[in-house]
Amino acid sequence: MNTFIQSLPKAELHSHIEGTMEPELILKLADRNKIKLPYSDEDALRRAYQFQDLQSFLNLYFMCANTLRKPEDFYDMTLEYLKRCQQDGVIHTEIFVEFQSYRENNIVIEVILEGISAAIKQGAKEYGVTCYIILCFLRHRPAMEAMQTLDHAAPYFDQIVGVGLAAAERPYPPHLFKDVYDKAHSLGLKRVAHAGEEGPADYVWQALELLGVDRIDHGVRCAEDPKLVQRLIETQTPLTVCPLSNVKLRVFPDMASHNVYKLFKAGVNVTINADDPSFFGGYVTDNYQAIMDAHPFTKADIIQLAKNGIQASFLPPMQKTAWIRKIEAHR
Ligand code: ADE
Ligand code: ZN
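The rules behind these values
Residues numbered from 1 in each chain as written. Chains lettered and ligands numbered in written order. Predicted model: local features only at pLDDT ≥ 70, side-chain atom pairs only at ≥ 80, totals over all residues. Heavy atoms only, no water. Helix = DSSP H or I, 4+ residues; strand = E, 2+ residues; numbered from the N terminus. Expected span 1.5 Å × (residues − 1). Buried < 20%, exposed > 50% of the residue type's maximum accessible area, 1.4 Å probe, protein only. Contact = heavy atoms within 4.5 Å. Near = heavy atom within 4 Å. Polar contact = N/O pair within 3.5 Å; in protein donor to acceptor, adjacent residues only side chain to side chain. Areas by Shrake-Rupley, 256 points an atom, 1.4 Å probe, with all protein chains shown as cover. 1 Å grid on protein atoms, 1.4 Å probe; cavity = no way out; pocket = protein on both sides within 12 Å on 5 of 7 lines; lining within 4 Å. Sits in = over half its atoms within 2 Å of the grid points. Nonpolar A, V, L, I, M, F, W, Y, C, P; charged D, E, K, R; others polar. Phe/Tyr/Trp six-rings, centres within 6.5 Å; stacked < 30°, edge-to-face > 60°.

Thoughts on helix H6 (residues 109-127)
(1) Moving on: The terminal C-alpha atoms of H6 lie 25 Å apart, and with 19 residues this matches the ideal 27 Å at 1.5 Å per residue to within 8%.
(2) Moving on: Listing the buried residues of H6 in full gives Ile 109, Ile 112, Leu 113, Gly 115, Ile 116, Ser 117, Ala 119, Ile 120, Gly 123 and Tyr 127.
(3) Moving on: Next to the buried residues of H6 lie helix H5 (71-88), strand E2 (90-97), strand E3 (130-138) and helix H7 (143-153).
(4) Moving on: Gly 128 lies just past H6 and shows a positive phi near 65°.

Have a look at this one:
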């Protein structure tokens with residue numbers, strides 16, 4: 001492992017907490033909660049990590065998330081992830097939590113947050129990692145359900161920094177969620193959304209113009225529209241790019257074909273993230289390493305990427321400044 005990258009203080013801004021569960025934990029939770037999975041052991045589960053596209057991944061991802069039932073399950077998942085953050089040099093993370101995934105099992109927000117927020121407290125104490133929660137809506141479910149979820153989450157807004165939008169991108173354009181995002185904004189929440197992963201550049205425009213997002217998750221298909229790239233450069237709207245995810249889900253055929261270097265060199269505000277590290281073969285450091293192996297990023301570029309991540313986070317300005325100083329002093 002590249003110790004320079006590993007020890008560089010990094011922020012992770014695009015991490016689905018359910019996508020951080022390693023096979024060992026998924027099988028442990030299935031056993032603990034008496035849920036049958038069609039995989040007899042870790043190797044069998046890992047062998048299923050071959051995806052043709054986003055949907056083929058999501059099918060497995062939701063099956064694994066279904067093993068989470070009790071506060072202690074959410075606690076174990078989150079604390080294991082925060083421990084790996086520390087090992088990976090991730091000093092701050094902003095996780096997506098998809099409360100709607102648990103509705104069918106009648107798991108209410110209070111139960112989910114009981115486990116996750118306790119783990120976040122413990123993670124800060126034990127591993128020195130800060131963690132914010134982003135309430136992530138599922139775009140294949142009705143916008144009305146997203147609105148209800150936002151309302152149900154209102155008593156817990158002290159534990160939630162913002163809203164996001166994920167799952168099957170096509171054919172669920174951002175504009176469907178305009179009212180929910182307007183309400184989230186009026187309630188003081190930050191806004192991010194997946195756009196331009198599998199969906200077209202127009203979805204990125206919609207996320208910017210109609211949802212008013214602070215960051216775009218993925219966004220790599222912006223390259224299909226030069227005017228959009230120009231706009232992203234001018235406004236410095238951050239993209240949370242997830243290189244290993246994009247190759248694993250066949251957004252790009254291989255890392256050499258990924259446009260992360262081109263976007264970065266053009267002046268787009270690129271940040272590097274892992275998305276669903278357990279499923280896509282790597283955490284944040286692995287993602288940095290993968291783009292360095294395939295593209296001519298210099299050490300100065302890597303430092304800039306790490307600074308972009310901190311700057312694009314929702315940390316208070318003083319904390320950002322302190323981390324950026326540490327990054328600049330990093331050798
Ligand atoms: N949920 C988990 N990972 C995702 C991804 N890469 N795109 C959209 N939704 C997701
Ligand atoms: Zn994602």
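Overview of the site of ligand 1
(1) Moving on: Close to ligand 1 lie 13 residues, the nearest being His 16, Ala 167, Glu 197, Asp 275 and Asp 276.
(2) Moving on: His 16 has a polar side-chain atom sitting 3.4 Å from a nitrogen atom of ligand 1.
(3) Moving on: Against a free-state accessible area of 260 Å², the protein chains account for coverage of 100% of ligand 1.
(4) Moving on: Judged by the fraction of its atoms near the pocket grid, ligand 1 is located in the largest cavity.
(5) Moving on: No other element matches the four residues that helix H4 (residues 54-65) contributes to the shell around ligand 1.
(6) Moving on: A breakdown of the residues in the shell around ligand 1 according to their chemical character gives six nonpolar, three polar and four charged.

Some remarks on the packing of aromatic side chains
Within a pair of aromatic rings, the relevant descriptors are the distance that separates the centres and the angle that separates the planes.
(1) Moving on: Counted under the stated rule, the structure contains 13 aromatic pairs.
(2) Moving on: Residues Tyr 61 and Phe 279 carry aromatic rings whose centres are separated by 6.4 Å and whose planes lie at 70° to one another, so their mutual orientation is edge-to-face. Taken together, the residues Tyr 61 in helix H4 and Phe 279 in helix H13 (residues 277-280) connect sequence positions 218 residues apart. As far as burial versus exposure is concerned, Tyr 61 and Phe 279 are alike and both buried.
(3) Moving on: Taking the centre distance of 6.3 Å and the plane angle of 65° together, the rings of Phe 137 and Tyr 181 count as edge-to-face.

Focus on the side chain of Ser 15
(1) Moving on: On the secondary structure map, Ser 15 appears in strand E1 (residues 10-16).
(2) Moving on: Look at Ser 15 and you get buried, because its relative accessible area is 0%.
(3) Moving on: Looking at Ser 15, its side chain comes within polar contact range of the side chain of Tyr 81, at 3.3 Å.
(4) Moving on: Residues within four places of Ser 15 in sequence aside, it is in contact with Thr 20, Tyr 81, Thr 93, Glu 94, Ile 95, Phe 96 and Asp 275.

Read these as spatial facts, not as claims about activity.
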